[in-house]
Amino acid sequence: MDLKDTSLINQNWKFNLEDCNGDTFAGAEYDDSSWEVLTLPHDWDTFYAPDKDNKSGAGGGYAKAGTGWYRKELTLKDEDIKGSRYELIFEGIYMESTVFVNGKKVGGNNYGYTTFSVDITDKIGAGKNVIAVKVNNSKQPNSRWYTGSGIYRDVYLIKRKDVCINLFGVKVDTNTVTDDVTLATLDIRIKVDNYSDTNKDTVIRWTIKDKDEKEIATTGASLWIRAKDSAEAASMMFINAPVLWSDKVPYLYTLETKVYEGETLVDRRIEKTGIRKALFTKDKGFVLNGEQVKIKGVCLHHDSGLFGAAFHKEVWLERFKTLKDMGVNGIRCSHNPPAPAFLDLCDEMGFIVMDEIFDEWTLGKNKNENYYSDKPSYGFSQ
């Protein structure tokens, strides 16, 4: 996913593995000069030797866990602030996180495996700003297997206008592919947010490009959005003689979404998408693009072995190359959502994916007590 005016802000974070009374560490004027300086993604558990007395237990790799704080300075100019909105995107913080900007709480997430965003527009100003993140992974044991601790995936800063595409607002699905593969139809949907005090008339324009960046199809929609509200639009796109995505030929198209007010471009999004026809049948099992395909798969947890939970694309690229050489064409994400870049690599390299969302629902699992016991455990079931 490519977002307009997006900055990766993984550099120059400060870290301290301890808690404080209240939110002292969140204050803009707090002296963090003695804290460790590091680059995200970061899993603090990989920097401490396993200890059999740690509450994470054998199921959690005897990891240290606990509560840690991160801080980062962000300097903005007057022209950066005027007429702009800002969001922070965290692709994964384990486990419970609370985000502060200049000492004020702006959001957080209780589930350590999912991407979330926080709007910081009203909390920042010209000059120095301080982002502080409290990460509480002290409630142990939680979640099955090794989890890691900290801000273990990428962090982004997005600059946007009052009218903008929702973070998860673009969706494209293959609707149909003709049997002779002369035509495919795509369903495209969008959600646009309007933070302004006035109703807005917008125009949505979608373009599909092939691997050579050649424009092969376009469509559009009109969208009226109430003030301080969101609205959705949908359309259909027709692709002649599509190249179908498969585990052997993972062909990807580029979908460009643009939002206009009048003739002014206010937001833009780029997504990769594959066109394919997939179904399960009682006679042939899994059928991809009309051909029976045996899914030869593996279960992969979100960690990177000795690198811990910190996501590094280069590590996963090498792992995926090895799996491909073994003949693997399917991946089950055991048992929680992986990093977005993980899924992008699967699309690019030809892996069929079962992307799981929760390992727990209403029933908690104690990984150190054969999962189900009368001893307490903490996780998403709470």
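Above this text is the structure in question.
Residues numbered from 1 in each chain as written. Predicted model: local features only at pLDDT ≥ 70, side-chain atom pairs only at ≥ 80, totals over all residues. Heavy atoms only, no water.

**Student:** I'd like to hear about the overall build of the protein, residue by residue, with values.
**Tutor:** Regarding its fold elements, the protein presents three helices and 26 strands. The C-alpha atoms of the protein give a radius of gyration of 23 Å, which matches the 21 Å a tight globule of 382 residues would have. Overall size of the protein, expressed as C-alpha extent along the three principal axes, is 65 × 55 × 35 Å. Here the protein, with 382 residues, has 50% of them falling under the buried criterion. Sequence-distant contacts, at least 24 apart, represent 68% of the contacts inside the protein between residues at least 6 apart. Of the side chains in the protein, 50 bear a positive and 58 a negative charge, and the two mean positions are spaced by 2 Å. (Helix = DSSP H or I, 4+ residues; strand = E, 2+ residues; numbered from the N terminus. Rg over C-alpha atoms; globule rule 2.2 N^0.38 Å. Buried < 20%, exposed > 50% of the residue type's maximum accessible area, 1.4 Å probe, protein only. Contact = heavy atoms within 4.5 Å. Lys, Arg positive; Asp, Glu negative; His and termini not counted. Charge placed at Lys NZ, Arg CZ, Asp CG, Glu CD.)

**Student:** Can you lay out the nonpolar core for me, pointing to particular residues and giving the numbers?
**Tutor:** Soluble, globular proteins show a tendency: their nonpolar side chains are buried together. Formed by 28 residues in total, the largest nonpolar core has its most connected members in Ile 190 and Ile 239. Sorting the residues of this core by element identifies strand E14 (163-177), strand E15 (183-194), strand E16 (200-209), strand E17 (215-225), strand E18 (229-240) and strand E19 (253-261) as the ones contributing at least two each. Setting aside residues up to four positions removed in sequence, Ile 239 forms contacts with Thr 182, Leu 183, Ala 184, Leu 186, Ile 208, Ile 216, Ala 217, Tyr 253 and Ile 275. Residues Leu 38, Tyr 70, Ile 120 and Val 133 belong to the second largest nonpolar core, which totals 26 residues. (Core = buried A, V, L, I, M, F, W, Y, C linked by side-chain atoms within 4.5 Å.)

**Student:** Give me the layout of surface pockets: which residues, what numbers.
**Tutor:** There is about 1900 Å³ of room inside the largest pocket. What lines the largest pocket is a set of 48 residues, and nearest its centre among them are Glu 271, Pro 340, Leu 343, Asp 344 and Asp 347. For the lining of the largest pocket, the secondary-structure elements that each account for two or more residues are strand E1 (2-3), E14, strand E20 (264-273), strand E22 (285-288), helix H2 (313-326), helix H3 (340-349) and strand E26 (352-355). No other element matches E14, which puts eight residues into the lining of the largest pocket. Here the residues of the lining of the largest pocket sort into 24 nonpolar, eight polar and 16 charged. Reported here for the second largest pocket is a volume of approximately 270 Å³. Partitioned by chemical class, the residues of the lining of the second largest pocket number four nonpolar, five polar and six charged. (1 Å grid on protein atoms, 1.4 Å probe; cavity = no way out; pocket = protein on both sides within 12 Å on 5 of 7 lines; lining within 4 Å. Points joined across faces, edges and corners; volume = space filled by probe spheres on them. Nonpolar A, V, L, I, M, F, W, Y, C, P; charged D, E, K, R; others polar.)

**Student:** Go over the pairing of strand E8 (residues 96-101) with me, naming the residues and quoting the values.
**Tutor:** Counting buried positions along E8 yields five of six residues, so the element is predominantly enclosed. Bridge count between E8 and strand E9 (residues 104-109): five bridges; the pairing is antiparallel. Across the sheet, residue Thr 98 finds its bridge partner in E9, namely Gly 108. Where E8 hands over to E9, the hairpin turn is made up of two residues, of which Asn 102 adopts a positive phi near 50°. (Pairing = 2+ DSSP bridges.)

**Student:** Residue-level account of the packing of H2 against H3, with values.
**Tutor:** For the pair H2 and H3, interaxial distance at closest approach is 11 Å and the crossing angle is 35°. In the packing of H2 onto H3, the handedness of the crossing is right-handed. Judged by residue contacts, Lys 313, Trp 316, Leu 317, Phe 320, Lys 321 and Lys 324 of H2 engage Phe 342, Leu 345, Cys 346 and Met 349 from H3. When grouped by side-chain class, the residues that make up the contact of H2 with H3 number seven nonpolar, no polar and three charged. (Axes fitted to C-alpha atoms, helices over the stretch in contact; angles between N-to-C directions. Left-handed = near helix turned anticlockwise from the far one by under 90°.)

**Student:** I'd love a proper account of the sheet that holds E26, names of residues and values included.
**Tutor:** Read across the sheet, three strands follow the order E24-E25-E26 without closing on themselves; strand pairing throughout is parallel. The open sheet is flanked by strand E24 (297-300) and E26, the only strands paired with a single partner. Along the sheet, successive strands turn relative to each other by an average axial angle of 20°, direction set aside. Taken together, the four bridges between E24 and strand E25 (residues 330-333) define a ladder with parallel strand orientation. Bridge pairing links Gly 297 to Gly 330 in E25. Helix-sheet contacts for H2 involve E24 and E25, and the interaxial angle to E24 is about 150°.

**Student:** Before we move on, can you summarise the packing of aromatic side chains with the specific residues and values?
**Tutor:** Tallied over the entire structure, the rule returns 21 aromatic pairs. Taken together, a centroid distance of 5.5 Å and an interplanar angle of 65° make the contact between Tyr 111 and Tyr 113 edge-to-face. Summarising the aromatic geometry, the rings of Tyr 251 and Tyr 253 are spaced 5.0 Å apart at their centres and angled 65° between planes, so their arrangement reads as edge-to-face. As far as burial versus exposure is concerned, Tyr 251 and Tyr 253 are alike and both buried. Among the aromatic residues, those joined into a ring-pair cluster are Tyr 94, Tyr 111, Tyr 113, Phe 358, Trp 361 and Phe 380. The cationic tip of Arg 205 hangs over the ring face of Tyr 260; the distance from NZ or CZ to the ring centre is 4.4 Å. The ring of Trp 316 carries the charged tip of Arg 319 above its face, separated from the ring centre by 4.4 Å. (Phe/Tyr/Trp six-rings, centres within 6.5 Å; stacked < 30°, edge-to-face > 60°. Lys NZ or Arg CZ within 6 Å of the ring centre and 35° of its normal.)

**Student:** I'd like a rundown of empty space enclosed by the protein, residues and numbers included.
**Tutor:** Tallied over the full model, the rule gives four cavities of 30 Å³ or more. Space inside the largest cavity adds up to approximately 90 Å³. Forming the boundary of the largest cavity are 14 residues, of which Tyr 111, Tyr 113, Ser 143, Gly 379 and Phe 380 lie nearest the centre. Residue composition of the lining of the largest cavity, by class: six nonpolar, five polar and three charged. Around the second largest cavity sit 13 residues that line it, and His 301, His 302, Pro 338, Ala 339 and Phe 342 are the ones nearest its centre.

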